[in-house]
Amino acid sequence: MIFSILSLTPELSWMLIKVLVCIGFLMLLAPPLTWVERRGSAMIQDRIGPNRAALFGKIKILGLAHVLADGLKFFFKEDLIPKDANRSLFWIAPALAFIPALLGFAVIPVGRSFQVEGVTYHLSLIDPNNGMGLLYPLAIGGLAVYGVLVAAWSSNNKWSILGGMRASAQMVSYELGLGLSVLALFVAVGGYDPHEVILDQVEHGWFLWRQPIGFLVFFVCQFAETNRLPFDFAEGESEIVAGFHTEFGSMKFGLMGLTEYIHIIVASALIVTLYLGGWSIPFNGDGDRWPVLVTVASFLVKLLFMCWVFVWVRWTLPRFRYDQLMYLGWRIMFPLSLLNLVLNAWWITR
Amino acid sequence: MATLVKKIQLSWWDRLYFPSVLKGMWITWGHFIRQILTPTSKRFTIQYPEMKKEMPEGYRGLHELKQFEDGSIKCVACFMCQEACPARCITIEAEEFSDLNFTQGFEEKRPKVFKIDMLRCIYCGMCEEACPKDAIWLRKDYELAAYDRLSLNYGKWDLMNTYADTDGKPIQTESSELPPSPPRNFVTM
Amino acid sequence: MFLAFTLLTLGSALAMAFQKNVIVAGLFLVATFIGVSGLFILLSNPVSAALQIIVYAGAILVLLLFVIMMLNAHEEESPQDDLYLQRYIALGVGGLLLGGSLWFIKQSKLLQSVAERPIDQIAPTSLNEIGAEMLTRHIVSFEMIGLLLLVSMIGAITLVKKRL
C-alpha cells in the first residue's frame, strides 16, 4: 500500500526493506554486543559485571540498561577537538571507520532465496551473480584501515599515531593470509559468489571440516582485521593509552566503539558464510526443504555464536608482542595459507 | 648476584600453540558456566549497598562514644585520648555537671564538646587504648561520606549515635540526654 | 551514476593535485580510486572494480600513507623559482601526452567495437573468465609479470636485510 503511494516497484521496495532491515540489524545488534562483552567477560572472570543501571530507576533487566545509558552519555558529552588536530579529518575519521564496517555486510546472504509469484527474492543486499561476490567484503575490509589511519593521524598525538601505525601495518599484513585462504575456498567451490559457496557447503559439507587449515588462517586473520584481542594493537593501555582513538570523545568515540562491534558482526557473518555453511542447517542435505525463516534463524544462531567466540577469545588470550604478531602473520599465517591453497589445488586436480 | 633465567625449550606440541589455546578456552568456558549458574547471593562478589561485608575481628572503623544504660555519657573528659591521638583530631572541652538523676547531686566532669575530625583521623585505635573508662570504641562501621568537610567534623552527639542504627537504639539528642523522670523522694537523714 | 562517479574521480584527483598536505592528498587519491572502481562497475567489470579497491586503495595507498606518516613530512619544501624552463617543458610534454592519448582512444578499434556493441550483450565479467584468459591467451605476459614481481621482491629483501 505504502509502496504504491511512493510508486515503488516491488524490486525497489524489496531493496529498501533489505537495506533498512540490514543496517537496522547491525546498528541494533552492536550495542547489545557491548553488553555481552562486559557481562560475558565478568562471568568468565568470576565477577558480576555491570548490573546497576535501571530504567526509570526500577527495571534493571540484567544490566542491559547500561547500554542505553552509555549511548545517552555519549550524546551529551562535550565534543572536544585537540588544539593542533586536523579538524576536518578529525571530524570525518569516525565516519571513515564506521561506513566501511557497515558496508561489509552487503553481500552476505542471511537466508535462502525464495520465489513469490515468479520473482526470486534474495536475502542479501547485493543480488548474487553480480560478478563481485566475495571480492567485495575483502575490498571493503581493506578500506577499513583508513578509519584507523586517519583517526590516528588527525588527532596529532604520538600515542594515536603509534596505535594507528601498528594497526594499519597489522591489517595490511594479515589481509594476505585472509585473501589467500579465501582463494583456496574459491578453488574448491569453483566460484566466488557467497551463494555458490553456501550451496556447495549444503551439498558437500561445511568448509570448516573440508578446509580446517584455511578456516584457522581465516579465523585468526579476521581477529587481526577486526583489531580484537589478542591482536588489538591499535590500542594498548599500558603502552599507548587508547591508541588511535585516544583523543576521541563523546559520540565520536561512541562511533569508534560501535565500529569495533560492527566489525565483529561482519567478521562473524563472513566466517559463518564461508566456513560454517551460512544459512544452511547442519546434518541436512537439502536446504530448500526448510522455510525461509528457519534458514534465517539458523544463520542468526551461527552468527551470534561466532560473535560470542570473539568475546570469549578476547577474555582468554593475552595480547601478543608486536614482533610476535608480525612473525605470526608473515612466517606462519602466510605460508600456511599458501600451503592450504596448494593442497586444495592439488586436491581438485587429483 | 644475577640470576640466570633458564630459557625453556618448547616441544613441538607446545609450539603449535593451538592445543593450549583450546585448553585456555575450555578453562574460561568452565568459569563462565560456573559463574552464570551460581545464584547471585552465592557469588563471590559482595554487591555493596545491598550486601555488606562482615568486617573481621579487631577492625577499627568509626568511633562510638559509649553511654551508660541510663543514657548518660561514659566519657569523663580526662583528655587521655586527645593526648594519645597521633593525628590530633580529637578536641575536648570539659564542663562540670551535676544532676540529681545521674550524679545524685555530686559534681562530675563530662565533655561539653567532644569533636573528632573524621577526615584527620587515621583510625589507629590509640584513643580506644588510652581511654580509662572504655568510653570510646572503634567499631566496624566504615561508611563515611558527606557532601562537605564540615559535616565530617563529628560532634559529641554524632559520636554517640554512630552505631544507633546498627544496634537498633534510639538516637540520643541534647534533649533526650536527661529524660524527664519523676522527682525522687530523697531519704532525709 | 556515471556523472557522480566521474565527478568523484575528477574532483578528488584535482583536489589531490592541488592539496598541500601530503596525507590529505593521499586520502583524495583513495577517493579517486573509489570513483574509478565505481566507473569499472558501470562498465560491467566488477572484478576490476574490486581489485582496484583491494590492491590500490586497500594495500598500496595504505603503505604509501604509512611511509608518509613514518617520515612525518609535514613541512613544505620551499618553492624553487629558478625552474621556469622545466615547467614549460613539463607543460609541453603533458599536453603532448594528453593529445596523444586522446588520439589513441579515438583511433582504437577495440574501444570502437566495445562502444558499438549493443547494451544487452554486455555481461559482467567474472573472476573465472579473467583467470582463464590470463592462463591461456596472456600466459606469457602473466608469467613475465610474475617474474618481475619476484625480482623486485628479491631486490627489496637485499636492500633491507643487512646480513643475509
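What counts, and where the lines are drawn
Residues numbered from 1 in each chain as written. Chains lettered and ligands numbered in written order. Predicted model: local features only at pLDDT ≥ 70, side-chain atom pairs only at ≥ 80, totals over all residues. Heavy atoms only, no water. Pairing = 2+ DSSP bridges. Helix = DSSP H or I, 4+ residues; strand = E, 2+ residues; numbered from the N terminus. Contact = heavy atoms within 4.5 Å. Buried area = accessible area lost by both parts, 1.4 Å probe. Salt bridge = Lys/Arg side-chain N within 4 Å of Asp/Glu carboxyl O. Polar contact = N/O pair within 3.5 Å; in protein donor to acceptor, adjacent residues only side chain to side chain. Nonpolar A, V, L, I, M, F, W, Y, C, P; charged D, E, K, R; others polar. Axes fitted to C-alpha atoms, helices over the stretch in contact; angles between N-to-C directions. Parallel < 35°, antiparallel > 145°, perpendicular 65-115°, else oblique. Core = buried A, V, L, I, M, F, W, Y, C linked by side-chain atoms within 4.5 Å. Buried < 20%, exposed > 50% of the residue type's maximum accessible area, 1.4 Å probe, protein only.

**A short note on the pairing of strand S3 (residues 108–117) of chain B**
All names here are of chain B. With eight bridges joining them, strand S2 (residues 90–97) and S3 adopt antiparallel strand pairing. Bridge pairing links Ala94 to Pro111 in S3. Summarising the sheet, S3 and strand S5 (residues 153–154) pair through two bridges and their orientation is antiparallel. Each bridged residue has a counterpart across the sheet, and for Asp117 the counterpart in S5 is Asn153.

**Quick look at the interface of chain A and chain C**
Between chain A and chain C, the residue contacts involve 25 residues of the former and 27 residues of the latter. When chain A packs against chain C, the two sides together hide about 2,200 Å² of surface, and 81% of this comes from carbon and sulfur. At the boundary of chain A and chain C, one finds zero salt bridges. Inspection of the region where chain A meets chain C yields zero residue pairs in polar contact (both at pLDDT 80 or more). Among the elements of the structure, helix H5 (135–154) and helix H6 (158–189) of chain A are those that each provide at least two residues to the side of chain A that touches chain C. When residues in the side of chain A that touches chain C are grouped by element, the largest group, ten residues, is from H5(A). Looking at the side of chain A that touches chain C, its residues break down into 17 nonpolar, seven polar and one charged.

**Some points on the packing of H5(A) against H6(A)**
Residue and element names in this part refer to chain A. Contact pair H5 / H6: the axes reach a minimum separation of 8 Å and the direction vectors enclose 175°. What the angle tells us is that H5 and H6 run roughly antiparallel. Contacts from Leu135, Leu138, Gly141, Gly142, Ala144, Val145, Val148, Leu149, Ala152 and Trp153 in H5 reach Ser160, Ile161, Gly164, Ala167, Ser168, Met171, Glu175, Leu178, Gly179 and Phe186 in H6. When its residues are assigned to classes, the contact of H5 with H6 shows 13 nonpolar, six polar and one charged.

**Quick word on the nonpolar core**
Within the largest apolar cluster, 119 residues are counted, with the highest numbers of intra-cluster contacts made by Phe105(A), Tyr174(A) and Phe299(A). Take this core: its biggest share by element is 15 residues, from H5(A). Apart from residues no more than four positions distant in its own chain, Phe299(A) is found in contact with Phe105(A), Ile108(A), Pro109(A), Val110(A), Ala269(A), Val272(A), Thr273(A), Gly278(A) and Trp279(A). Judged by nonpolar contacts, the second largest core, of 26 residues, contains Cys127(B), Leu159(B), Met160(B) and Tyr163(B).

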